[in-house]
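# Descriptive structure summary
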Amino acid sequence: MYFAAITLRPDVPETAVASVPGSICDNWQTLSLEPFGLEVWRTEPWFHRQPGPVAVQMPSELEVIRASTPAEVEEFEAVSVRGFEHEDATIPRGAIHPPAILDDPDMAIFLGRVDGRAIGAATGYLTDEAVGVFGVTVVASARRRGYGTVLTCAAMLPENGLPSVLSPSPEGAPLYSKLGFARVGELSIWS
């Protein structure tokens, strides 16, 4: 789930990130890591939103909670997989999000529930300069009801007064544009 490194400035030297144990997110597309045996796995659009309020209507049936227990992390992980794959998808507990994720004070994970059933998830990761919004998903049977919008807004951690950044899927880009996100470039993921 985590990148092993994320470039926060365009002038990061390759040697500063080339030996990290995992994928590298190059937000500026300035790295050349081929000499270190790495290759660009893929590129993605990069969106930014200035801080400020978002006017969204909370569907009355939707409950959004910030996960705070190992059981809620398991529920979050399970609905994330069902949202990104298909509604019957499963993985071993803790395979992507172990309960230790709760030990990271900068990580906020959110669950969306309807009638007690998890239907969506989102994460917000707080840095000194921005909030990264990741993993926004809603299961197929619950889409197009505003749930993804509400989960996105929760993951933006608006109480911190920081801008938000994200890399949307093609399907999600229109939703993020309506929330005030604008494309500012592309990022490369090296592995």
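Residues numbered from 1 in each chain as written. Predicted model: local features only at pLDDT ≥ 70, side-chain atom pairs only at ≥ 80, totals over all residues. Heavy atoms only, no water.

### A look at the nonpolar core
- Formed by 37 residues in total, the largest nonpolar core has its most connected members in Ile109, Phe110, Ile119, Tyr147 and Phe181.
- When residues of this core are traced back to their parent elements, those giving at least two are strand S4 (62–66), helix H2 (70–84), strand S5 (107–114), strand S6 (117–126), strand S7 (131–138), helix H3 (147–155) and helix H4 (173–178).
- Sequence-distant contacts of Phe181, that is, excluding residues within four places in its chain, are made with Phe47, His48, Arg49, Met156, Ser164, Val165, Leu166 and Tyr176. (Core = buried A, V, L, I, M, F, W, Y, C linked by side-chain atoms within 4.5 Å. Buried < 20%, exposed > 50% of the residue type's maximum accessible area, 1.4 Å probe, protein only. Helix = DSSP H or I, 4+ residues; strand = E, 2+ residues; numbered from the N terminus. Contact = heavy atoms within 4.5 Å.)

### Focus: the side chain of Glu72
- With respect to the helices and strands, the residue Glu72 is situated in helix H2.
- It is Arg113 that comes nearest to the buried, bridge-free Glu72 among opposite-charge side chains, at 4.4 Å.
- In contact with Glu72, not counting residues within four places along its chain, are Ile65, Arg66, Ala67, Leu111 and Arg113. (Lys, Arg positive; Asp, Glu negative; His and termini not counted. Salt bridge = Lys/Arg side-chain N within 4 Å of Asp/Glu carboxyl O.)

### As for the packing of aromatic side chains
- Tallying each qualifying case throughout the model produces one aromatic pair.
- A centroid spacing of 6.0 Å and a plane angle of 80 degrees characterise the contact between Tyr176 and Phe181, whose relative ring orientation is edge-to-face.
- Its relative accessible area of 8% is what places Tyr176 among the buried residues.
- When its relative accessible area of 3% is taken as the criterion, Phe181 is described as buried. (Phe/Tyr/Trp six-rings, centres within 6.5 Å; stacked < 30°, edge-to-face > 60°.)

### Here we look at the environment of Pro53
- If you trace the backbone, Pro53 turns up in the loop between strand S3 (40–49) and S4.
- A relative accessible area of 78% places Pro53 in the exposed class.
- Residues Pro53 and Gly161, 108 residues apart in the sequence, show an inter-C-alpha distance of 9.3 Å.

### Brief notes about the environment of Arg42
- Within the secondary structure layout, Arg42 lies in strand S3.
- Classification of Arg42 as partly exposed rests on a relative accessible area of 39%.
- In this structure, Arg42 is in contact with Leu187, Ser188 and Ile189, ignoring residues within four places of it in sequence.
- A distance of 2.5 Å separates a polar atom in the side chain of Arg42 from a polar atom in the side chain of Glu44. (Polar contact = N/O pair within 3.5 Å; in protein donor to acceptor, adjacent residues only side chain to side chain.)

### Some words on the pairing of S7
- The buried fraction of S7 amounts to six of the eight residues, a majority that puts the element mostly inside the structure.
- With antiparallel pairing between neighbouring strands as the criterion, S6 and S7 make up a hairpin whose turn holds four residues.
- When S7 meets strand S8 (residues 164–166), the two strands line up parallel, connected through two bridges. Within the sheet, the bridge partner assigned to Gly132 lies in S8 and is Val165.
- In the classification by handedness, the crossover that spans S7, the intervening H3 and the parallel S8 is right-handed. (Pairing = 2+ DSSP bridges. Right-handed = clockwise from strand over helix to strand, strands pointing away.)

### Some remarks on unusual backbone geometry
- Of note in this structure, Asp115 is not a glycine but carries a positive phi near 55 degrees.
- A positive phi angle is found at Leu157, which is not glycine, with a value near 45 degrees.
- The residue Leu157 is located in the loop between H3 and S8 in this model.

### Points about H3
- Of all nine residues in H3, nine are buried; the element is thus mostly enclosed.
- Taken residue by residue, H3 has Tyr147, Gly148, Thr149, Val150, Leu151, Thr152, Cys153, Ala154 and Ala155 as its buried positions.
- Phi for Leu157, located one or two positions after H3, is positive at around 45 degrees.

### Thoughts on the confidence of the model for the protein chain
- Predicted confidence across the protein chain gives a mean pLDDT of 93, with 99% of residues reaching 70 or more.
- By mean pLDDT, the top-scoring element of the protein chain is S4 (98), and the lowest-scoring one is strand S1 (residues 5–6) (85). (pLDDT = per-residue confidence, 0-100.)

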